[in-house]
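Secondary and tertiary structure notes
Here is what each chain is made of, one letter per residue.
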Amino acid sequence: MTEDSVEEPTGTPTPALRQRRIHPAWIVALVALIALIGAAGFRAAPGVLMLPLQDEFGWTTAELSLAVTVNLLLFGLTAPFAAALMQRFGIRAVTVTALFVIGAGAALSVFVATPAQLILTWGVLIGLGTGSMALVFAATITDTWFATRRGLVSGVLTAGSATGQLIFLPVIAAAAEDIGWRGASLIIAGGALAVVPLVWIFVRNRPSDLGVTRYGDTGPVTVAARPKGNAWGAARLALTTLRDAARTKTFWALAIGFAICGATTNGLIGTHFIPSAHDHGMPTTTAAGLLAVVGIFDIAGTVFSGWLTDRVNPRILLAAYYALRGVSLLFLPSLLSAEVQPSIVVFIVIYGLDWVATVPPTIALCREVFGDRGPLVFGWVFASHQIGAGIASVLAGLVRDHTGQYTVAWFAAAGLCAVAALVSATIRRHPAPVQSQVTSD
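1. Things to note about the pattern of salt bridges
- Tallied over the entire structure, the rule returns nine salt bridges.
- Note that R367 is salt-bridged to D143, the shortest N-O span being 3.2 Å. Residue R367 is located in helix α15 (residues 359-370), and its partner D143 is located in helix α7 (residues 134-145); the two are separated by 224 residues in the primary sequence. Neither residue differs from the other here; R367 and D143 are each classed as buried.
- D279 is the salt-bridge partner of R400, the closest N and O atoms lying 2.7 Å from each other. With R400 in helix α16 (residues 374-403) and D279 in helix α11 (residues 249-279), the pair connects residues that are 121 residues apart, well separated along the chain.
- Judged by its relative accessible area of 23%, R400 falls in the partly exposed class.
- By sharing partners, the salt bridges in this structure join R243, D244, R247 and R373 into a single network.

This is the structure we're talking about:
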């Protein structure tokens with residue numbers, strides 16, 4: 001896209017911008033996508049590395065699930081504060097710091113000898129690092145750099161976050177078998193750190209830093225005032241946003257639905273699908289390969305969901321996605337076996353298309369109802385996603401330890417999806433939001 005229409009505040013066209021063929025927003029979005037994929041590497045590790053850790057240390061599934069739960073909770077609870085920090089200190093600084101924390105957590109994990117140390121590395125460091133990016137990072141990039149095509153962009157970035165986690169699975173599984181789980185952890189650490197130079201060079205905090213408007217804006221370039229304040233101010237902004245949003249029914253409807261979304265993706269399938277398939281005699285590398293296929297179809301499903309979100313009522317989309325997921329989970333216990341059958345492939349394809357298709361319509365509803373606080377509110381909604389994931393991860397581990405199988409967990413998740421579909425369908429429409437205010441019911 002040429003930038004002939006973009007002007008400086010004086011109204012004089014800038015020659016450099018006249019010659020620009022690709023809007024910088026697309027370059028920022030591309031680098032953000034690569035960063036999300038890189039950060040997702042270690043989030044793929046627990047499902048693959050649980051069995052090697054059990055073999056070496058003899059830890060129970062519940063003990064390992066606790067470390068995953070801490071990771072999932074911090075991954076979510078960090079998100080709204082990270083969104084506020086990005087507003088205060090800029091997207092680039094927060095993202096680079098997060099990638100360093102992820103790399104440190106992955107590298108230090110090779111020294112663990114107790115469950116508590118695993119919680120510190122897998123749980124705390126990786127949770128804080130990935131929580132500072134992931135979906136709230138995608139929402140912030142979308143709202144900051146794009147005035148149009150937001151649904152499509154948020155869909156692509158969301159697909160990168162989830163797909164990066166899943167496509168690493170066969171790589172990590174193969175590395176764990178060939179060079180051990182410690183070597184696999186170091187590979188992930190290197191992947192996260194390799195993205196840092198790209199973010200530092202190509203990502204800017206706002207379009208005006210490059211003398212352009214957001215993609216799709218037709219007005220003149222306006223230089224945004226640089227945010228003032230400190231980390232405490234950012235935390236206060238995040239908490240104030242939660243207080244205001246929590247007064248609305250829409251916030252709770254989105255939070256409940258997204259908590260169930262997290263329980264049925266990261267909490268159950270992402271963490272326990274491989275151990276569950278292994279219980280039925282399937283090799284770990286084969287099960288990891290199936291989850292990687294989920295990641296492949298997640299790309300198509302989430303991008304298509306973003307495209308639909310620009311055209312279809314997002315409430316209808318959410319209800320349909322949750323209902324389809326619930327039906328899929330009802331059949332899962334009967335589909336698992338030692339070999340890959342056509343039926344399990346059908347499940348993988350359907351679940352892949354639906355994996356995080358819920359994100360673009362959820363971001364759209366946050367923007368519709370909460371205006372310019374949309375990314376911050378989505379951060380809190382995403383926190384509920386990870387709370388649901390963390391609870392499901394522990395409960396599923398306990399179910400496995402006490403019953404010897406995961407069947408009860410799969411059926412319970414299917415019932416929760418029915419609840420999410422009902423709650424999403426009842427979200428009522430809101431008028432256009434007033435900037436800097438939270439719409440109340």
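There's more to say after this.
2. Structural notes on the packing of aromatic side chains
- Within this structure, the stated rule accounts for 13 aromatic pairs.
- On the numbers, 5.0 Å between centres and 70° between planes, the contact of W26 with F146 is edge-to-face. Linking W26 in helix α2 (residues 24-39) with F146 in the loop between α7 and α8 (150-194), this pair joins segments that are 120 residues apart in sequence.
- Residue classification places W26 among the partly exposed residues on the basis of a relative accessible area of 30%.
- Plain terms: the ring middles of F378 and F382 are 6.4 Å apart, the flat faces sit at 25° to each other, and that makes the pair stacked. On the criterion of helical spacing, the pair formed by F378 and F382 is a turn pair, its members being four residues apart in helix α16. Per residue, the accessibility class of F378 equals that of F382, and both read buried.
- Here the aromatic cluster, defined as three or more aromatic residues joined through ring pairs, consists of W26, F146 and Y215.
- Here the guanidinium or amino end of R92 rests over the ring plane of W200, the centre of that ring lying 4.2 Å away.

3. Re the packing of α15 against α16
- Viewed as axis vectors pointing N to C, α15 and α16 meet at an angle of 130°, and their least axial separation amounts to 8 Å. By the criterion of interaxial angle, the relationship of α15 to α16 is oblique. In terms of crossing hand, the pair formed by α15 and α16 is right-handed. For the pair formed by α15 and α16, the contact residues are V359, T362, I363, C366, R367 and F370 on the first element and G374, V377, F378 and V381 on the second.
- For the contact of α15 with α16, the per-class residue count stands at seven nonpolar, two polar and one charged.

4. What about the nonpolar core?
- Counting 88 residues, the largest nonpolar core has I269, F273, L329, L332 and F378 as its most contacted members.
- Considering each element in turn, this core owes the most residues, 12 residues, to α11.
- For F378, the residues in contact, after removing those within four places along its chain, are L135, V136, A139, F258, V359, T362, I363 and C366.
- By size, the runner-up hydrophobic cluster in this structure holds 32 residues, among which are L33, A39, L99 and L157.

5. Here's the deal with the side chain of S154
- Among the structural elements, S154 can be located in helix α8.
- Using a relative accessible area of 1% as the deciding quantity, one classes S154 as buried.
- Separated by 3.0 Å, the side chain of S154 and the backbone oxygen of G151 make a polar contact.
- Each residue touching S154, except ones within four places of it in the same chain, is listed here: T142, P360 and I363.

6. Observations concerning the confidence of the model for the protein
- Mean pLDDT for the protein: 82, with 86% of residues reaching 70 or above.
- Taken element by element, the protein is modelled with least confidence in helix α1 (residues 15-18), mean pLDDT 44, and with most confidence in helix α17 (residues 407-425), mean pLDDT 95.
- Across residues 1-19 the pLDDT falls below 50, and counting only partners more than four positions away or on other chains, this stretch makes 30 contacts in the model.
- Across residues 432-441 the pLDDT falls below 50, and counting only partners more than four positions away or on other chains, this stretch makes 27 contacts in the model.

7. Some words on a nonpolar patch on the surface
- There is a patch of nonpolar side chains on the surface, built from I22, I27, L30, I34, L198, W200, I201 and F202 and spanning about 730 Å² of accessible area.
- Listed by contribution, the elements that provide at least two residues to the nonpolar patch are α2 and α9 (196-202).
- A per-element tally of the nonpolar patch places α9 first, with four residues.

8. Quick word on α2
- End to end, α2 covers 22 Å across 16 residues, agreeing with the expected 22 Å (1.5 Å per residue, within 8%).
- Among the residues making up α2, those that are buried are P24, A25, V28, A29, V31, A32, L33, A35, L36, G38 and A39.

9. Focus: unusual backbone geometry
- Phi is positive for R149, which is not a glycine, with a value near 60°.
- Considering the arrangement of structural elements, one finds R149 in the loop between α7 and α8.
- When its relative accessible area of 44% is taken as the criterion, R149 is described as partly exposed.

Calculation notes
Residues numbered from 1 in each chain as written. Predicted model: local features only at pLDDT ≥ 70, side-chain atom pairs only at ≥ 80, totals over all residues. Heavy atoms only, no water. Salt bridge = Lys/Arg side-chain N within 4 Å of Asp/Glu carboxyl O. Helix = DSSP H or I, 4+ residues; strand = E, 2+ residues; numbered from the N terminus. Buried < 20%, exposed > 50% of the residue type's maximum accessible area, 1.4 Å probe, protein only. Phe/Tyr/Trp six-rings, centres within 6.5 Å; stacked < 30°, edge-to-face > 60°. Lys NZ or Arg CZ within 6 Å of the ring centre and 35° of its normal. Axes fitted to C-alpha atoms, helices over the stretch in contact; angles between N-to-C directions. Parallel < 35°, antiparallel > 145°, perpendicular 65-115°, else oblique. Left-handed = near helix turned anticlockwise from the far one by under 90°. Contact = heavy atoms within 4.5 Å. Nonpolar A, V, L, I, M, F, W, Y, C, P; charged D, E, K, R; others polar. Core = buried A, V, L, I, M, F, W, Y, C linked by side-chain atoms within 4.5 Å. Polar contact = N/O pair within 3.5 Å; in protein donor to acceptor, adjacent residues only side chain to side chain. pLDDT = per-residue confidence, 0-100. Patch = residues over 30% accessible without salt bridge, like charges linked within 9 Å, V, L, I, M, F, W, Y side chains within 5 Å. Areas by Shrake-Rupley, 256 points an atom, 1.4 Å probe, with all protein chains shown as cover. Expected span 1.5 Å × (residues − 1).

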